[in-house]
Amino acid sequence: MRRIAVIGAGQMGAGIAQTIAQHGIHVMISDIDRAHAEAGKATIGKSLSKLVGRGKLEADDAEGVLSRIEPVGDYSPMAEADLIIEAATEREEIKKTIFENAGKVLADNAIMASNTSSIPITRMANYSPDPSRFIGLHFFNPVPVMGLIEVIPGLATAPETTDRISAFAEMLGKQVVLSQDEPGFVVNRILLPMINEAVFVLGQSTAGIADIDKGCRLGLNHPMGPLELADFVGLDTCLDIIKVLYKTTRDGKYRPAPLLVKYVEAGWLGRKTGRGFYDYTGDAPVPTR
Ligand code: CAA
């Protein structure tokens, strides 16, 4: 794959574009408009500067990475791409519009992939021009650091598409877990009920935020507790995923924790808004309960 396009320049899209560019490949990045795509590139620039500052990356190499990232204002340049990766908000109607519009320029042999965390691939494949070249490619945050990519073929995905995408994921230095197209795939099916349960535990005042996270960090050896991880992923994203699990399975064990819904309604979405279960406006995160 020589040219790749990423649609969505938020946390995931920017991380995906950075990782691709760090592996020597030209990557276009787009969002609702060119300004948002440029902002995504600026975020990547900051992330690379931090690595340079910590002696993890040479300044010249950082420049090289940035030079391979091309913000674009619409989908037309993506006709050149071998692979288009959608990494937009976790809402099906938004993704549908993207697949229909970007599908108009998708080259004959190119693949369209979705970084969805939970929406069925088989269903979304029908929004693209060729379901045999449509696949789930699920990255983990922070993308440049995390070692896993889930690959999710839909019912109509051609084996050749799965092989090409798995080879691409490995070329990025990631390990692949192949998942059937079931709600939440493998990792989020396990992770989101844990995060949701942690919010129930908080809502029932069984323990405070700091202790819930400390319990899981020390008791389970997780690098982050579930509430700090929820803030890191984004509480809106967590709620969207648990809602998809609940709606698609109708299993009460996935019922969203009422406190999670309230935090999202308050606009307390985690690190990206400066406040979630922790307040991030000072030097160090402070638990809010
Ligand atoms: N680009 C490249 N490297 C980066 C980077 C970036 N943007 N950000 C951090 N790094 C590197 C750092 O340079 C550092 O490298 P060294 O180990 O070589 O020094 C390493 O990553 C760790 O970074 P920090 O020292 O800054 O931070 P840390 O040690 O506190 O670790 C963390 C941070 C990696 C995020 C760790 O806390 C962690 O693994 N947390 C759990 C993350 C997780 O579970 N992610 C999955 C979320 S679920 C998901 O994404 C799926 C979904 O659909 C919701």
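For clarity, every value in this text was computed on a predicted model and none was experimentally measured. (Residues numbered from 1 in each chain as written. Predicted model: local features only at pLDDT ≥ 70, side-chain atom pairs only at ≥ 80, totals over all residues. Heavy atoms only, no water.)

Trainee: Describe the overall build of the protein, and please don't skip the residues or the numbers.
Mentor: Across its full length, the protein carries 11 helices and 10 strands. Taken over the C-alpha trace, the protein has a radius of gyration of 19 Å; the compact-globule value for 289 residues is 19 Å, and the two agree within 12%. Seen along its three principal axes, the alpha-carbon backbone of the protein occupies a region of about 55 × 45 × 30 Å. Evaluated residue by residue, the protein yields a buried proportion of 47% over its 289 residues. Residue pairs in contact within the protein that sit at least 24 positions apart in sequence constitute 65% of those at least 6 positions apart. Accessible surface, the protein: about 13500 Å² in total, of which carbon and sulfur atoms supply 52%. Looking at charge distribution, the protein has the averaged site of its 30 positive side-chain charges lying 5 Å from that of its 35 negative ones. (Helix = DSSP H or I, 4+ residues; strand = E, 2+ residues; numbered from the N terminus. Rg over C-alpha atoms; globule rule 2.2 N^0.38 Å. Buried < 20%, exposed > 50% of the residue type's maximum accessible area, 1.4 Å probe, protein only. Contact = heavy atoms within 4.5 Å. Areas by Shrake-Rupley, 256 points an atom, 1.4 Å probe, with all protein chains shown as cover. Lys, Arg positive; Asp, Glu negative; His and termini not counted. Charge placed at Lys NZ, Arg CZ, Asp CG, Glu CD.)

Trainee: Break down the site of the ligand for me, citing the residues and quoting the values.
Mentor: Lining the immediate environment of the ligand, one finds 20 residues, of which Ser47, Lys56, His138, Asn141 and Asn188 sit closest. The contact in question runs from an oxygen atom of the ligand to an N or O atom on the side chain of Ser117, over 3.3 Å. The contact in question runs from a nitrogen atom of the ligand to an N or O atom on the backbone of Asn141, over 2.7 Å. Coverage of the ligand by the protein chains reaches 65% of its 1100 Å² of free accessible surface. (Near = heavy atom within 4 Å. Polar contact = N/O pair within 3.5 Å; in protein donor to acceptor, adjacent residues only side chain to side chain.)

Trainee: Outline a positive patch on the surface, listing residues and values.
Mentor: On the surface, Lys46, Lys50, Arg54, Lys56 and Arg271 cluster together into a patch of positive charge. Inspection of the secondary structure puts Lys50 in helix 2 (residues 34–53). (Patch = residues over 30% accessible without salt bridge, like charges linked within 9 Å, V, L, I, M, F, W, Y side chains within 5 Å. Salt bridge = Lys/Arg side-chain N within 4 Å of Asp/Glu carboxyl O.)

Trainee: Pulling in residues and values, what's your account of the sheet that holds strand 2 (residues 26–30)?
Mentor: Pairing within the open sheet is mixed, and its eight strands lie in the order 3-2-1-4-5-6-7-8. Only two strands of the sheet have a single neighbouring strand rather than two, namely strand 3 (69–71) and strand 8 (175–178). The mean angle between the axes of side-by-side strands here comes to 25°, regardless of whether they run parallel or antiparallel. Two elements, strand 7 (residues 148–153) and strand 8, share four bridges in a ladder whose sense is parallel. Bridge pairing links Val151 to Leu178 in strand 8. The strands touched by helix 4 (residues 92–103) within the sheet are strand 1 (3–7), strand 4 (83–86), strand 5 (111–114) and strand 6 (134–139), with strand 5 carrying the most contacts at an inclination of about 165°. (Pairing = 2+ DSSP bridges. Axes fitted to C-alpha atoms, helices over the stretch in contact; angles between N-to-C directions.)

Trainee: Talk me through the domain arrangement of the protein; I want residue IDs and the actual numbers.
Mentor: Entries for the protein in the domain assignment read domain 1 (3–178) and domain 2 (188–276). Measuring from the centre of the C-alpha atoms in domain 1 to the corresponding centre in domain 2 gives 26 Å. On the domain 2 side, the residues contacting the nine residues of domain 1 number six residues. Here domain 1 meets domain 2 over a buried area of about 760 Å², counting both sides, of which 53% is carbon and sulfur. Seen at the junction of domain 1 and domain 2, the total is one salt bridge. Between Arg91 and Asp240 there is a salt bridge, with the nearest N and O atoms lying 3.4 Å from each other. (Domains from an automatic or database assignment. Buried area = accessible area lost by both parts, 1.4 Å probe.)

Trainee: Explain the pairing of strand 7 to me, using residue names and the numbers behind them.
Mentor: Here strand 6 runs beside strand 7; their pairing, made up of five bridges, is antiparallel. Across the sheet, the residue bridging to Leu137 is Val151, located in strand 7. Crossover handedness for the path strand 7 to helix 6 (residues 159–171) to strand 8: right-handed. (Right-handed = clockwise from strand over helix to strand, strands pointing away.)

Trainee: Outline the nonpolar core, listing residues and values.
Mentor: Buried together is how nonpolar side chains tend to be arranged in soluble globular proteins. In terms of nonpolar packing, the biggest core is built from 34 residues, with Ile16, Ile20, Leu83, Ile85, Leu137, Phe139 and Phe168 touching the most fellow members. Among the elements that line this core, the one with the most residues is helix 1 (residues 11–22), at six residues. Not counting residues within four places of it along the chain, the set of residues in contact with Ile20 comprises Ile4, Val6, Ile25, Val27, Ile85, Phe168 and Leu172. By size, the runner-up hydrophobic cluster in this structure holds 27 residues, among which are Val199, Leu202, Leu227 and Tyr254. (Core = buried A, V, L, I, M, F, W, Y, C linked by side-chain atoms within 4.5 Å.)

Trainee: Give me the side chain of Asp231: which residues, what numbers.
Mentor: Mapped onto the elements, Asp231 comes out in helix 9 (residues 226–233). One buried charged residue, Asp231, forms no salt bridge at all, with the nearest opposite charge on Arg271 at 6.7 Å. Dropping the residues within four chain positions of it, Asp231 is found in contact with Leu269, Gly270, Arg271, Gly276, Phe277, Tyr278 and Tyr280.

Trainee: Which residues make up the packing of aromatic side chains, and what values do they have?
Mentor: By the definition in use, this model includes four aromatic pairs. An angle of 75° between the planes, with centres 5.3 Å apart, marks the rings of Tyr263 and Trp268 as edge-to-face. Residue class for Tyr263 comes out buried when judged on its relative accessible area of 3%. You can call Trp268 partly exposed: its relative accessible area is 31%. (Phe/Tyr/Trp six-rings, centres within 6.5 Å; stacked < 30°, edge-to-face > 60°.)

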